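Structural description and commentary
The chain contents come next:
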Amino acid sequence: MRVDDKFLRELESKVLAYRNRDKDSGDRKTYDEVFDRDTLMLLYDLMTNEVIDELDFPIATGKEGNVFRATTHSDNFLAVKIYRMSNATFNNIQKYIAGDERFRNMGKNRRRIIHTWAQKEYRNLERMYAAGIRVPKPIVCTKNIIVMEFIGADGTPALHLRQVELEDPQTVYEQLLENMRLIHCEAKLVHADFSEYNVLMLGQEPVIIDVGQAVLLTHPNAFEFLQRDVKNLARYFRKYDLTLDEKDMMKTITGGK
Ligand SMILES: Nc1ncnc2c1ncn2[C@@H]1O[C@H](COP(=O)(O)OP(=O)(O)OP(=O)(O)O)[C@@H](O)[C@H]1O
Ligand SMILES: [Mg+2]
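Residues numbered from 1 in each chain as written. Chains lettered and ligands numbered in written order. Predicted model: local features only at pLDDT ≥ 70, side-chain atom pairs only at ≥ 80, totals over all residues.

Our focus in this paragraph is the site of ligand 1. Looking at ligand 1, there are 20 residues lining it, with Ala60, Gly62, Val67, Ala79 and Asp210 nearest. Looking at the shell around ligand 1, the elements with two or more residues in it are strand 1 (54-61), strand 2 (65-71), strand 3 (77-83) and strand 5 (145-149). Each of domain 1 (5-152) and domain 2 (158-253) contributes no fewer than three residues to the shell around ligand 1. (Near = placed C-beta within 6 Å. Helix = DSSP H or I, 4+ residues; strand = E, 2+ residues; numbered from the N terminus. Domains from an automatic or database assignment.)

It is worth spelling out the nonpolar core at this point. Residues Leu78, Val80, Ala118, Met128, Val135, Val147 and Val207 are the most contacted members of the largest nonpolar core, which totals 56 residues. The dominant element in this core, judged by the number of residues it contributes, is helix 5 (residues 110-130), at six residues. Both of domain 1 (5-152) and domain 2 (158-253) provide at least three residues apiece to this core. Apart from the residues lying within four places of it in its own chain, the contact partners of Val135 are Leu125, Met128, Tyr129, Val207, Ile208, Ile209 and Val211. (Core = buried A, V, L, I, M, F, W, Y, C linked by C-beta atoms within 7 Å. Buried ≥ 20, exposed ≤ 12 C-beta atoms within 10 Å, placed from the backbone. Contact = placed C-beta atoms within 7 Å.)

With that settled, consider helix 6 (residues 169-185). With 17 residues, helix 6 should reach 24 Å at 1.5 Å per residue; the first-to-last C-alpha distance of 24 Å fits that figure. Taken residue by residue, helix 6 has Val172, Tyr173, Leu176, Asn179, Met180, Ile183 and His184 as its buried positions. Considered in projection along helix 6, the buried side chains sweep an arc of 135 degrees and stay on one side of the axis. Those residues of helix 6 that are buried are in contact with helix 5, strand 9 (189-190), strand 10 (199-202), strand 11 (205-208), helix 7 (222-238) and helix 8 (246-253). (Expected span 1.5 Å × (residues − 1). Arc of directions from axis to C-beta.)

The interhelical angle for the contact between helix 7 and helix 8, taken along N-to-C directions, is 125 degrees, at an axis separation of 10 Å. Comparing the axis directions of helix 7 and helix 8 gives the class oblique. Every pair of crossing elements has a handedness; the one defined by helix 7 and helix 8 is right-handed. Contact residues: helix 7 offers Val230, Lys231, Leu233 and Ala234, while helix 8 offers Glu246, Met249, Met250 and Ile253. Grouping the constituent residues of the contact of helix 7 with helix 8 by class yields six nonpolar, no polar and two charged. (Axes fitted to C-alpha atoms, helices over the stretch in contact; angles between N-to-C directions. Parallel < 35°, antiparallel > 145°, perpendicular 65-115°, else oblique. Left-handed = near helix turned anticlockwise from the far one by under 90°. Nonpolar A, V, L, I, M, F, W, Y, C, P; charged D, E, K, R; others polar.)

Strands in a sheet are paired, the pairing made by backbone hydrogen bonds, and the direction either parallel or antiparallel. The antiparallel open sheet is built from five strands, whose spatial order is 1-2-3-5-4. Among the strands making up the open sheet, the edge pair consists of strand 1 and strand 4 (138-142). Ignoring strand direction, the axes of neighbouring strands in this sheet form an average angle of 25 degrees. Two elements, strand 2 and strand 3, share seven bridges in a ladder whose sense is antiparallel. From the neighbouring strand, Asn66 faces strand 3, where its bridge partner is Ile82. Across the sheet, helix 5 lies against strand 3, strand 4 and strand 5, angled at about 165 degrees from strand 4, the strand it touches most. (Pairing = 2+ DSSP bridges.)

Here we come to unusual backbone geometry. As a rule of thumb, non-glycine residues mostly have phi less than zero, and peptide bonds are mostly trans rather than cis. Non-glycine residue Ala192 carries a positive phi angle of around 75 degrees. Relative to the helices and strands, Ala192 resides in the loop between strand 9 and strand 10. At Asp210, a position not held by glycine, the phi torsion is positive, near 60 degrees. By the secondary structure assignment, Asp210 is in the loop between strand 11 and strand 12 (215-216).

In structure tokens:
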């Protein structure tokens, strides 16, 4: 793409303006890491294609990337997850993809591996959404950027399960157990990072997020990951005095097998 004045002006007003607002804060370094030149170009494309109109603010800064709220042209909100193209991200991701057959022919190209990782998250999201699991609706994925449904109310991002006091823990537990059953029996996946940090509460409804590391049931560690997910679910709900048997939970999730 040719970088002309119009491009720079639009970018300035829609992306960099937001970044420059924080020029005195320590977060500025993070912004510079996230908004490398290629990522800015991709954001510009998303804006030109009218997927989003503006990036509003960062919802969260994670180990591998940042999640932003974005506004669309019709004044709806979307969530934009941007994987940082840095060495740190690459090193974290490497741990997960070493030995995974889908990445066997990836070589050592850092960019390509990070792009593939974002695509893996997006594909997992699509697969879960199609199976009726309550995850953010996938909108589009381009290189290291994932655009998805914004989980929140009136523009305010939803809180994590761990941040809220549940009115009806039994019902939320049952909803999560059913979602885990659907992940296993319908999407044929294991989330593999399930915890109260990766569930957002939309009112009283749990929404499962962060599906990048989810693996196929055929993955050699799938069962071990599932046991860990179940343990986390049980541990969290025991604080509400629910009597939970992890073996029974496993049975329900795996469809009695
Ligand atoms: N669709 C969404 N709508 C609203 N907020 C979201 C959405 N997706 C993610 N978030 C927020 O961004 C945070 C980070 O997202 P996510 O867990 O997917 O990324 P991550 O980089 O793996 O982060 P971490 O390393 O903290 O697990 C979430 O904990 C949540 O607060
Ligand atoms: Mg997370």
